[in-house]
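Structural overview for review
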Amino acid sequence: MNGDDLAGRPPAPPGPLEPWPDTVRWQPISRDLIWVELIRLGVLFAVALVALGLGWALSGHWLLGAALGVAVLLTAWRAVTIVRAVHAWGYAERENDLLVRHGLLVRRLSIVPYSRMQFVDVTAGPLERAFHLATVQLHTAAAASDARVPGLRPAEASRLRDRLTALGEDRAEGL
C-alpha cells in the first residue's frame, strides 16, 4: 500500500460513538468522585478481608488463603480502573439533547432528548455529601434510556437539574 491510496480518500465517516471527544464540548465530573469510589471499595475490601482472614485462621485451609490473595489483587486492579473510569465520565448539553459518556473497555454514549425527559432527580449519599458531590439522574419513559451524571458539585447539579427540567417542559409543550 502506498501513500497515494490514503491521500485521495475522503475522511472516514464518524462511528456510532461520535461525537466522542472531538465535536462536542464535554464537561468533566469532579475528580473527588475517585475518593468516594475508593472509600466504597475499601469498605467492601475490609469486609471481605475480615471474612476470608477469619475463615483462613480458623480452618487453615489453603483455598481461603488463595482467595485472600485473589481479593487483594482484584482490589488493587479495581482501584486503578476507578481512577480511569472517573476520568472517562463526561456530559454535554446540546440544543435538543443531553449527551452522557462513560466507560473504559465498553464505551457508552447516551443521548437523551430533552422532550423525552419525565423528571430529573438529584441525589447525594453520605459519602457524596462528605465530598460535596451529587448525582443527577434523568428519567425517561423508556427505563433503559435513563442516564445519570455522578460527581457534580451541588450547585452544578442544581443548575443542571433546573435547566434540564425547563428544557424538558419547553420541548414537551411543542409536541
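Above: the structure in question.
Below you will find a few notes about this structure. (Residues numbered from 1 in each chain as written. Predicted model: local features only at pLDDT ≥ 70, side-chain atom pairs only at ≥ 80, totals over all residues. Heavy atoms only, no water.)

**With respect to the sheet that holds strand S1 (residues 27-28)**
Counted only if it meets this: DSSP calls a pair of strands paired once it identifies at least 2 bridges connecting them. Secondary structure follows DSSP: runs of H or I at least 4 residues long count as helices, runs of E at least 2 residues long count as strands, and numbering of each begins at the N terminus.
If you trace the 4 strands from one edge of the open sheet to the other, you get S1-S2-S3-S4, paired in antiparallel fashion. The open sheet is flanked by S1 and strand S4 (108-113), the only strands paired with a single partner. As paired elements, strand S2 (residues 90-93) and strand S3 (residues 97-102) share 4 bridges and run antiparallel to each other. Its bridge partner lying in S3, Ala92 is registered against Leu99.

**As for the pairing of S3**
Regular strands show a simple pattern: their side chains alternate between the two faces of the sheet. Heads up, the rule is: Each residue is assigned to one of three classes by its accessible area relative to the maximum for its type, calculated with a 1.4 Å probe on protein chains only: buried under 20%, partly exposed between the two thresholds, exposed over 50%.
In terms of burial, S3 is a largely internal element, 5 of the 6 residues being buried. The loop that links S2 with its antiparallel partner S3 comprises 3 residues. Relative to S4, S3 is paired through 6 bridges, and the arrangement is antiparallel. Bridge pairing in S4 links Arg101 to Leu109. Hairpin geometry of S3 and S4 is characterised by an intervening segment of 5 residues between the two adjacent antiparallel strands and by a positive phi of about 115° at Gly103.

**Regarding the nonpolar core**
Threshold: What is meant by a nonpolar core is a set of buried Ala, Val, Leu, Ile, Met, Phe, Trp, Tyr and Cys residues, joined one to another through side-chain atoms within 4.5 Å. The contact definition used throughout considers only heavy atoms, calling two residues in contact when any of these lie within 4.5 Å.
With 24 residues, the main nonpolar core has Leu98, Met117, Leu152 and Leu164 as its most contacted residues. For this core, the secondary structure elements donating two or more residues are helix H2 (32-59), S3, strand S5 (117-123), strand S6 (134-140), strand S7 (147-152) and helix H5 (154-173). If one sorts the elements of this core by residue count, H5 sits on top with 4 residues. Apart from the residues within four sequence positions on either side, Leu164 is in contact with Leu98, Tyr114, Met117, Val120, Val136 and Leu138. Grouped together as the second largest cluster of nonpolar side chains are 5 residues, Val24, Trp26, Ala92 and Leu109 included.

**Description of the environment of Pro126**
Along the polypeptide, Pro126 turns up in helix H4 (residues 126-130). For the pair Pro126 and Val36, spaced 90 residues apart in sequence, the C-alpha to C-alpha distance is 9.8 Å.

**What to know about helix H3 (residues 62-88)**
Let me state the cut-off plainly: The length a helix should cover is 1.5 Å for every residue beyond the first.
Compared with an ideal rise of 1.5 Å per residue, which puts 27 residues at 39 Å, H3 spans 39 Å between its outermost C-alpha atoms and is within 8% of the ideal. Turning to H3, its buried residues are Gly65, Leu68, Ala71, Thr75, Thr81, Ile82, Val86 and Ala88. At its buried positions, H3 is contacted by H2, S2 and S3.

**Some details on the pattern of salt bridges**
Condition: Put simply, a salt bridge is a Lys or Arg side-chain nitrogen that is within 4 Å of an Asp or Glu carboxyl oxygen.
Under the criterion given, the structure shown has 8 salt bridges. With a shortest N-O distance of 2.3 Å, Glu93 and Arg163 are connected by a salt bridge. Here the residue Glu93 occupies a position in strand S2, and Arg163 occupies one in helix H5, the gap between them amounting to 70 residues. Judged by relative accessible area, Glu93 falls into the partly exposed class, the value being 26%. Assessed through its relative accessible area of 32%, Arg163 is described here as partly exposed. As a salt-bridge pair, Asp97 and Arg94 come within 2.8 Å of each other at their nearest N and O atoms. Among the residues examined, Arg94 registers a relative accessible area of 31% and is labelled partly exposed.

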